[in-house]
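# Chain and residue survey
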Amino acid sequence: MSAPLLEVRKVSRFFGGVKANLDVSFQVETGMVLGLIGPNGAGKTTLFNCITGFYPPSRGEIHFAGQRIDGKSPDQVCRLGMARTWQKVRPLAKLSVLDNVVVGALLHTISVRQAREAAREHLRAVGLQARADVLAGGLPIGERKKLEVARVLATRPRLILLDEVMGGLNARESEDLIGLILEIKKRGLTQIVIEHDMKAIVRISDRIVVLNSGEKLAEGTPKEVTSNAAVISAYLGASEGAKA
Ligand SMILES: Nc1ncnc2c1ncn2[C@@H]1O[C@H](COP(=O)(O)OP(=O)(O)O)[C@@H](O)[C@H]1O
Ligand SMILES: [Mg+2]
């Protein structure tokens, strides 16, 4: 069997007395969509920050594409083929939608013309081609989330980490994002998706990891996880009425 694309080994991250992540371990195989769920404050975003190099883990190891990456900078990790979106989207507001994506594409070419061509392609992929010349700061939330995905694609990653890309979207916009994630999967790219909407996560994920109070509570197929008694009492039951 080939080695997993990503391996998180007993990763912990402490902020003073807060255990944001505690001994979290899981693997991600090439081509799969891993859903990462858990209540607010469970440590999901912190785990993304550790994986993508924004924080070094306090303990543990992270291996990506055959290399140990914990301790590397976000830029180094990105060059190895990993790209993320942010829960709080922050486009370069004063640049056009196209130029926001050009910035990502320039990771792989010094030719602005080539970067523009690639960027247009990625905008088409997410359905934003008609908005190319608009200032990114003026986009409504649904389109900003799509722009985030286009920016990520432009860096030509092998692993994409999406932090609540459906947060704040209406049903139709969420449906667009689900379609996009499945389309990206078809291209063979690997994705880790943080998402609150259980129906969405069950549809897109091959496997799901559940975090609770910083620790891994459960892991398995969508079916296994949604029928897991500990998950139901810690998460599904508690969040049923408060789907954020
Ligand atoms: N930079 C930080 N400084 C201090 N505490 C943090 C920081 N980032 C996250 N935390 C804490 O870590 C815990 C997990 O947060 P987070 O990873 O954002 O959870 P989630 O994304 O699952 O909602 C929370 O208690 C949060 O307050
Ligand atoms: Mg978060």
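Residues numbered from 1 in each chain as written. Chains lettered and ligands numbered in written order. Predicted model: local features only at pLDDT ≥ 70, side-chain atom pairs only at ≥ 80, totals over all residues. Heavy atoms only, no water.

## Remarks on the site of ligand 1
Near ligand 1 the following residues occur: F15, V18, A20, P39, N40, G41, A42, G43, K44, T45, T46 and Y55. At 2.7 Å, a backbone N or O of G41 approaches an oxygen atom of ligand 1. Separating an oxygen atom of ligand 1 from a backbone N or O atom of A42 is a distance of 3.2 Å. Compared with its free state, where it exposes 560 Å², ligand 1 has 63% of that area covered by protein. When residues in the shell around ligand 1 are grouped by element, the largest group, 3 residues, is from helix α1 (residues 44-51). A breakdown of the residues in the shell around ligand 1 according to their chemical character gives 6 nonpolar, 5 polar and 1 charged. (Near = heavy atom within 4 Å. Polar contact = N/O pair within 3.5 Å; in protein donor to acceptor, adjacent residues only side chain to side chain. Areas by Shrake-Rupley, 256 points an atom, 1.4 Å probe, with all protein chains shown as cover. Helix = DSSP H or I, 4+ residues; strand = E, 2+ residues; numbered from the N terminus. Nonpolar A, V, L, I, M, F, W, Y, C, P; charged D, E, K, R; others polar.)

## A few points about the domain arrangement of the chain
The domain boundaries assigned to the chain delineate domain 1 (1-81 + 159-169 + 188-244) and domain 2 (86-156). Listed by partner, the interface residues are 14 residues for domain 1 and 10 residues for domain 2. Summing both sides of the interface, domain 1 and domain 2 together bury roughly 1,000 Å²; the carbon and sulfur share of this comes to 68%. For the pair domain 1 and domain 2, the number of links is 0 salt bridges. Linking domain 1 with domain 2 are 2 residue pairs in polar contact (both at pLDDT 80 or more), by the criterion used here. Looking at the side of domain 1 that touches domain 2, the elements that each hand over two or more residues are α1, α2 (74-79) and β7 (159-163). Here the element with the most residues in the side of domain 1 that touches domain 2 is β7; it accounts for 3 residues. Split by residue class, the side of domain 1 that touches domain 2 holds 7 nonpolar, 4 polar and 3 charged. (Domains from an automatic or database assignment. Contact = heavy atoms within 4.5 Å. Buried area = accessible area lost by both parts, 1.4 Å probe. Salt bridge = Lys/Arg side-chain N within 4 Å of Asp/Glu carboxyl O.)

## Looking at unusual backbone geometry
Here D23, not a glycine, exhibits a phi torsion of approximately 50°, which is positive. Judged by relative accessible area, D23 falls into the partly exposed class, the value being 35%. Here the phi dihedral of A65 falls at roughly 50°; this positive angle occurs in a residue that is not glycine. With respect to the secondary-structure elements, A65 resides in the loop between β4 (59-64) and β5 (67-68). On the basis of relative accessible area, A65 is assigned to the partly exposed category, the value being 34%. (Buried < 20%, exposed > 50% of the residue type's maximum accessible area, 1.4 Å probe, protein only.)

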